[in-house]
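Observations on the three-dimensional arrangement
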Amino acid sequence: MHTYHKPLDLVRERSPERPVALVRQGTVAVAARWFQENFKGDVLYAVKANPSPWVIRTLVDNGVTGFDVASIPEIELVAEHAPGSRMAFMHPVKSRAAISAAYFDHGVRTFSFDTHEELEKILDATGQAKDLTLIVRMAVSAEGAAYSLSGKFGVESHQAPALMLAARRATQDLMGVSFHVGSQCMRPTAFQAAMAQTGRALVRAGVFADVIDVGGGFPSVYPGMIPPDMSDYIAAIDRGFNEMPVSETTELWCEPGRALVAESTSLLTRVELRKGDALYLNDGAYGSLFDAAHAKWPFPVKSYRGGADARELEGNLKPFQFYGPTCDSIDHMPGPFWLPEDVREGDFVEIGMLGAYGVAMSTRFNGFGAVETAAVDDDAPMASMFGLARRSIPVPRTAESTNVVRLSRPKGKAGQRKRKR
Ligand SMILES: *Cc1c(COP(=O)(O)O)cnc(C)c1O
């Protein structure tokens with residue numbers, strides 16, 4: 001991977017024909033260490049948020065040795081780049097062949113499920129293995145999250161006790177519970193509420209859980225979506241855990257995806273045409289801008305002019321909308337994206353905060369979507385939950401975005417309740 005100091009250096013050196021993913025390895029290291037130091041339990045990275053090999057290796061180098069995987073290709077990826085790490089197969093619906101391959105070929109012992117049928121499938125496909133860690137996935141409220149992950153998966157509270165009992169009986173090793181409060185969860189108390197709901201189901205089932213897995217949902221910062229400090233989430237989980245019917249040996253796990261990688265990557269795109277306030281870029285909804293198109297997230301942006309006197313563009317900001325390169329009219333990102341009013345064809349637009357569910361989502365539809373990757377070693381992310389951003393997101397004019405980005409500086413010590421298997 002070629003390394004530049006700053007995006008402007010790349011723009012000055014050459015005019016890339018394709019979009020370039022600009023990766024900041026240091027942000028993943030900082031986020032990983034923050035979770036290691038502050039979360040009082042085991043941290044498993046949800047690979048789907050960004051499966052880049054450099055992400056996996058950086059996490060391992062910074063102490064994250066557990067991975068939440070959902071498919072055999074994800075398992076193979078982790079096995080290749082993080083050999084010896086612990087994997088948890090947390091997709092509640094798996095093929096029998098995938099379960100067998102995970103168990104027999106890759107040493108996976110942790111499986112989640114939300115039905116009796118899937119539990120039976122896991123037992124059959126592992127030859128009635130007794131050394132499984134069986135995790136019951138609960139459906140919980142996704143209030144306060146930008147994306148719900150409960151509509152599709154999770155057992156309802158009234159059916160959970162029977163499934164918990166069945167899991168308890170099926171394994172001689174660990175039985176646990178998990179949930180997902182929804183991605184980009186803006187309310188720390190959502191974790192506490194989900195833990196209370198899970199605790200009530202455990203009491204009704206009359207079983208102790210060996211593992212409480214609070215899932216993902218830890219937020220990042222985007223224009224108009226400025227969450228509380230990350231330490232507030234940790235505090236809510238601590239309170240929730242203390243109120244749960246757990247024993248001395250109960251393990252606490254989390255599965256962050258977004259929070260570990262969102263800040264790590266921006267995308268350098270080129271303006272191929274300007275029509276009024278619409279910029280036609282060489283990346284879009286079928287590339288790395290899925291959330292900008294489908295969830296209409298107004299990502300932070302910067303712009304550059306190439307050539308002999310290459311520079312970052314400044315001046316009066318105006319709201320722009322983007323179109324991507326494909327011929328589909330869904331390929332539209334309404335923004336608003338605030339850029340200098342004289343931005344024109346041939347300029348470069350850098351879109352920030354695309355490290356989670358951005359570069360991971362790219363398709364080759366219509367012949368587009370190929371992205372180069374380069375590292376930038378002296379450029380802060382456009383916003384940060386970990387005190388890394390040098391300035392607030394440059395989106396000045398909407399009601400919410402007049403808030404200053406709240407930086408949560410790493411604080412706190414290694415958890416006292418921390419237990420590692
Ligand atoms: C996607 C997913 C995660 C990660 O969610 P984030 O919102 O990115 O933190 C964690 N666990 C499971 C089971 C998931 O499906």
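About the thresholds
- Residues numbered from 1 in each chain as written.
- Predicted model: local features only at pLDDT ≥ 70, side-chain atom pairs only at ≥ 80, totals over all residues.
- Heavy atoms only, no water.
- Helix = DSSP H or I, 4+ residues; strand = E, 2+ residues; numbered from the N terminus.
- Rg over C-alpha atoms; globule rule 2.2 N^0.38 Å.
- Buried < 20%, exposed > 50% of the residue type's maximum accessible area, 1.4 Å probe, protein only.
- Contact = heavy atoms within 4.5 Å.
- Lys, Arg positive; Asp, Glu negative; His and termini not counted.
- Charge placed at Lys NZ, Arg CZ, Asp CG, Glu CD.
- Disulfide = S-S within 2.5 Å.
- Salt bridge = Lys/Arg side-chain N within 4 Å of Asp/Glu carboxyl O.
- Phe/Tyr/Trp six-rings, centres within 6.5 Å; stacked < 30°, edge-to-face > 60°.
- Near = heavy atom within 4 Å.
- Polar contact = N/O pair within 3.5 Å; in protein donor to acceptor, adjacent residues only side chain to side chain.
- Areas by Shrake-Rupley, 256 points an atom, 1.4 Å probe, with all protein chains shown as cover.
- Nonpolar A, V, L, I, M, F, W, Y, C, P; charged D, E, K, R; others polar.
- Domains from an automatic or database assignment.
- Buried area = accessible area lost by both parts, 1.4 Å probe.

A few words now on the overall build of the protein chain. For the protein chain, the helix and strand inventory stands at eleven helices and 20 strands. Its C-alpha atoms give the protein chain a radius of gyration of 22 Å, within 12% of the compact-globule value 22 Å for 421 residues. Along the first, second and third principal axes, the C-alpha atoms of the protein chain reach 70 × 40 × 35 Å. Put simply, the protein chain has 421 residues, and 58% of those count as buried. Counting only contacts in the protein chain whose residues sit at least 6 apart along the sequence, the fraction spanning at least 24 positions is 73%. Counting 46 positive and 49 negative side-chain charges, the protein chain places the centres of these two groups 3 Å from one another.

This brings us to the state of the cysteines. Two cysteines joined by a covalent bond between their sulfur atoms form a disulfide. As enumerated under the stated definition, the model contains zero disulfides in all. No disulfide involves C185; its sulfur sits 13 Å from that of C254, the nearest cysteine.

Moving on, we come to the pattern of salt bridges. Summed over the entire model, instances satisfying the criterion amount to 16 salt bridges. Residue D124 is joined to R96 by a salt bridge in which the shortest nitrogen-to-oxygen separation is 3.5 Å. Of this pair, D124 sits in helix 6 (residues 116-125) while R96 is found in helix 5 (residues 96-106), placing the two residues 28 residues apart along the sequence. One salt-bridge network, held together by shared partners, links E17, R270 and E272.

Per the stated rule, a full pass over the model turns up 14 aromatic pairs. A ring pair is formed by Y103 and F104, whose centres lie 4.9 Å apart and whose planes are at 85 degrees; its orientation type is edge-to-face. The buried category is assigned to Y103, whose relative accessible area is 10%. Seen in terms of ring centroids, Y222 and F299 are 5.6 Å apart; in terms of plane orientation they differ by 85 degrees. Their pairing is edge-to-face. On the criterion of sequence distance, the pair formed by Y222 in the loop between strand 11 (211-213) and helix 9 (230-243) and F299 in the loop between helix 11 (290-294) and strand 15 (301-305) is long-range, its members being 77 residues apart.

With that settled, consider helix 6. Within the span of helix 6, buried status applies to E118, L119, K121, I122, L123 and A125. Looking at the buried positions of helix 6, the neighbouring elements they touch are helix 5, strand 6 (110-113), strand 7 (133-137) and helix 7 (160-170). G127 lies just past helix 6 and shows a positive phi near 65 degrees.

Neighbouring the ligand are 14 residues, the closest being K48, S183, E255, R258 and Y357. One nitrogen or oxygen atom from the side chain of S183 is found 2.5 Å from an oxygen atom belonging to the ligand. Within the backbone of G257, a nitrogen or oxygen atom sits 3.0 Å from an oxygen atom of the ligand. Taking 390 Å² as the accessible area of the ligand by itself, protein coverage stands at 92%. Residue classes in the shell around the ligand are distributed as four nonpolar, five polar and five charged.

According to the domain assignment, the protein chain consists of domain 1 (2-21 + 264-399) and domain 2 (26-261). Computed over C-alpha atoms, the centres of domain 1 and domain 2 are 32 Å apart. With 23 residues of domain 1 in contact, the opposing surface of domain 2 contributes 28 residues. When the two sides are added together, the surface that domain 1 and domain 2 hide from each other amounts to roughly 2100 Å², 72% of it contributed by carbon and sulfur. Where domain 1 touches domain 2, the interface holds three residue pairs in polar contact (both at pLDDT 80 or more). A breakdown of the residues in the side of domain 1 that touches domain 2 according to their chemical character gives 18 nonpolar, four polar and one charged.

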